[in-house]
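Each chain is listed here by its residues.
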Amino acid sequence: MKTHTPARLRLSAIFSENLSLYLVLIGAFLLMFALNGERFIRPQNLISMAYQLPIIGLLAIGMMISMLSGGINLSIIATANLNGIVIALCLQHFANGQMSTASNEIILLAIALGLLSCLLVGVINGLLISLLKIPDILVTLGTMTLISGINVVLTRGYTLSGFPDILLNIGNGDSFGLPNALILFLLASVAATIILNKTRFGFSLYMMGSNPTATQYSGISLVKTSVMQYAFSSCFAALTSLVMIGQLNSVKASYADSYLLVAVLAAFLGKVSPFGGFGRISGVVLAVIILQIISSGLNLMRLDPFMITATWGALIIFIVVFRSLFSQLKQRMKNKEKAS
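Figured I'd write up the structure that's included with this text. Not measured: the values here are computed from a predicted model.

### Quick look at the environment of Ile129
Residue position: Ile129 is located in helix H5 (residues 104-131). The sequence separation of Ile129 and Leu21 amounts to 108 residues, and the corresponding C-alpha distance is 32 Å. Beyond its immediate chain neighbours, meaning those up to four positions away, Ile129 contacts Ile134, Asp136, Val139, Ser226 and Tyr230.

### As for the side chain of Thr79
Mapped onto the secondary structure, Thr79 falls in helix H4 (residues 76-94). Setting aside chain neighbours within four positions, we find Thr79 in contact with Cys118, Val121, Ile147, Ser234 and Ala237.

### Thoughts on H5
Over its 28 residues, H5 extends 40 Å from the first C-alpha to the last, a length consistent with the 40 Å expected when each residue adds 1.5 Å. When H5 is considered as a whole, its buried residues turn out to be Ile106, Ile107, Ala110, Gly114, Ser117, Cys118, Val121, Gly122, Asn125, Gly126, Ile129 and Ser130. At its buried positions, H5 is contacted by H4, helix H6 (136-155), helix H7 (165-172) and helix H11 (222-248). At the exit of H5 stands Lys133, carrying a positive phi of roughly 60 degrees.

### Some words on the state of the cysteines
Evaluated as defined, the whole model comprises 0 disulfides. In this model Cys90 remains outside any disulfide bridge; the closest cysteine sulfur is found in Cys118, 12 Å from its own. Looking at Cys90, the relative accessible area reads 12%, which means it is buried. Cysteine Cys118 is unpaired, with the sulfur of Cys235 as its nearest cysteine sulfur at 7.8 Å. Residue Cys118 is classed as buried on the basis of its relative accessible area of 0%.

### Examining a nonpolar patch on the surface
A cluster of nonpolar side chains, namely Ile26, Phe29, Leu30, Phe33, Ile41 and Leu46, defines an oily patch on the protein surface of about 510 Å² accessible area. Looking at which element gives the most residues to the nonpolar patch, the answer is helix H2 (residues 19-36), with 4 residues. Locating Phe33 in the fold gives a position in helix H2. For Phe33, a relative accessible area of 33% corresponds to the partly exposed category.

### Some words on unusual backbone geometry
For Phe176, which is not glycine, the phi torsion reads 55 degrees and is therefore positive. Looking at the secondary structure, you find Phe176 in the loop between strand E2 (174-175) and strand E3 (178-179). Note on Phe176: relative accessible area 83%, which makes it exposed.

### As for the packing of helix H3 (residues 43-67) against helix H13 (residues 281-300)
Running from N to C, H3 and H13 point in directions that differ by 135 degrees, and their axes come no closer than 9 Å. Relative to H13, the element H3 lies oblique. In the crossing of H3 with H13, the sense of the turn from one axis to the other is right-handed. For the pair H3 and H13, contact is made by Asn45, Met49, Gln52, Leu53, Ile56, Gly57, Ala60, Ile61 and Met64 and by Ile281, Val284, Val288, Ile289, Gln292, Ile293, Ser296 and Leu300, respectively. Split by residue class, the contact of H3 with H13 holds 12 nonpolar, 5 polar and no charged.

### Let's talk about the packing of H2 against H13
The contact between H2 and H13 brings their axes to 9 Å, and the two run at 10 degrees. The angle between the axes of H2 and H13 places the two elements in the roughly parallel class. For the pair formed by H2 and H13, the contact residues are Leu21, Tyr22, Val24, Leu25, Ala28, Phe29, Met32 and Asn36 on the first element and Gly283, Leu286, Ile289, Ile290, Ile293, Ile294, Gly297, Leu298 and Leu300 on the second. Looking at the contact of H2 with H13 residue by residue, the class counts come to 14 nonpolar, 3 polar and no charged.

### Quick notes on helix H12 (residues 259-269)
Most of H12 sits inside the fold, with 9 of its 11 residues counted as buried. For H12, the full list of buried residues reads Leu260, Val262, Ala263, Val264, Leu265, Ala266, Ala267, Phe268 and Leu269. Where the residues of H12 are buried, they touch H2, H3, H4, H6, H13 and helix H14 (305-339). Backbone geometry just downstream of H12 places Lys271 in the positive-phi region, at approximately 70 degrees.

### Examining the packing of aromatic side chains
Within the structure shown, the criterion is met by 3 aromatic pairs. Arranged with centres 5.5 Å apart and planes meeting at 65 degrees, the rings of Phe232 and Phe236 form a pair that is edge-to-face. In this pair, Phe232 and Phe236 are both assigned in helix H11, 4 residues apart and thus about one turn of the helix distant. Put simply, the rings of Phe201, Phe232 and Phe236 pair up and form one aromatic cluster.

### Regarding the layout of surface pockets
One number sums up the size of the largest pocket: a volume of about 660 Å³. In this structure, the largest pocket is lined by 25 residues; those nearest its centre are Phe268, Leu269, Ile319, Phe322 and Arg323. At the level of elements, H2, H12, H13 and H14 are the ones that each hand at least two residues to the lining of the largest pocket. Take the lining of the largest pocket: its biggest share by element is 8 residues, from H14. When the residues that make up the lining of the largest pocket are grouped by side-chain class, the tally is 18 nonpolar, 4 polar and 3 charged.

About the thresholds
Residues numbered from 1 in each chain as written. Predicted model: local features only at pLDDT ≥ 70, side-chain atom pairs only at ≥ 80, totals over all residues. Heavy atoms only, no water. Helix = DSSP H or I, 4+ residues; strand = E, 2+ residues; numbered from the N terminus. Contact = heavy atoms within 4.5 Å. Expected span 1.5 Å × (residues − 1). Buried < 20%, exposed > 50% of the residue type's maximum accessible area, 1.4 Å probe, protein only. Disulfide = S-S within 2.5 Å. Patch = residues over 30% accessible without salt bridge, like charges linked within 9 Å, V, L, I, M, F, W, Y side chains within 5 Å. Areas by Shrake-Rupley, 256 points an atom, 1.4 Å probe, with all protein chains shown as cover. Salt bridge = Lys/Arg side-chain N within 4 Å of Asp/Glu carboxyl O. Axes fitted to C-alpha atoms, helices over the stretch in contact; angles between N-to-C directions. Parallel < 35°, antiparallel > 145°, perpendicular 65-115°, else oblique. Left-handed = near helix turned anticlockwise from the far one by under 90°. Nonpolar A, V, L, I, M, F, W, Y, C, P; charged D, E, K, R; others polar. Phe/Tyr/Trp six-rings, centres within 6.5 Å; stacked < 30°, edge-to-face > 60°. 1 Å grid on protein atoms, 1.4 Å probe; cavity = no way out; pocket = protein on both sides within 12 Å on 5 of 7 lines; lining within 4 Å. Points joined across faces, edges and corners; volume = space filled by probe spheres on them.

Structure, rendered in C-alpha cells:
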C-alpha cells in the first residue's frame, strides 16, 4: 500500500492554503480577458507582463519578510533607489565619468558597494526596532524619509543614466527564451523559500512573529533575528534596483514610489498576516501574478494611472475588511459550538 511522502503532504497543504488565490487568479484572468479581448493574450502583452512582474514581486517578498515579525518596511523603495544611485555614482567615479565603458571589475565593485549600503539600512532598521523597542512603522518611516532626502542630495534631483550593457542585461535581457528579470525573481523566490523554511533564522523569524515572549525565553536573540530580518528585506530592495536599472537605464531619487502600496497589497493578498507569524512565498508569488494581470488589463483599457493607484488602495481596504469580518464570523461559530 502506497503512503504519501512528507514532501507530497507539504505540497498538498500549500495547495490547500492557496486554493482561494488560485481561484482569484483564474477569475482575474477571465475578467481581464473579457474586458480586453484578444489584446490581453497577445504575445506582446504577455512578454510585457513577464518583464514588469519581477519588480513588484521582489519588492513584495522583501515586504513579506519584514511583516513576518508583525512589522513593516516602509523604507524598501527608498533603499532600492539608494542602491541604484550608489552604483551609478561609483561607476562614474571609478570609470572617470564614463559609466557605459566601465570594466567588469568596476561593475562588480559598484554592485557590492550598493548592496552594502542596502544592508546598512537594514541593520539600522533592525537595531532601532529591537534595541529601542520603537514600532517598525515609525522607524522605517523615519529611515524612508532620511534615505529619500539623501538620494536627492546625492543626485541633486537629477536622473543618472548611461549604464553599461552588462547591468542593462539583468533587467532587460533574456536567457533560454525567458526575461532575465523573471529568472532572477524565480531564483530569489526559491532562495527565500529555502531560507525561511529550512534555516534556524527562518524558524526564529516565524516564531518571533507568533509569540515574541516565548521566543525570547527559548534562547533566540530577538535583536539578531530582527537585524537579519531587515537586512534580508533590504537585499530584495537591492535586487529590485538592479532590475529597474536594466529596464530604465537610469536611476532617480523618486523612482517607483507608488510601488510601496502595491508591495503591501501583494503581501496582504498573499495571506501574510499583518500581526506576524504566518505567510508563504508561494502565496505572495500568486498575489503578485494576480496584481500584474489586473494592472496589465487596466492599462490596456487606458485607465488613468491615478485611478489604478486608487484601485490598489480600495483592494487593501476590501481585503482588510473581508478578513476581519470573516474572522469575527468564524469566532462566533466557534462560540456557538462551545455553547451547544
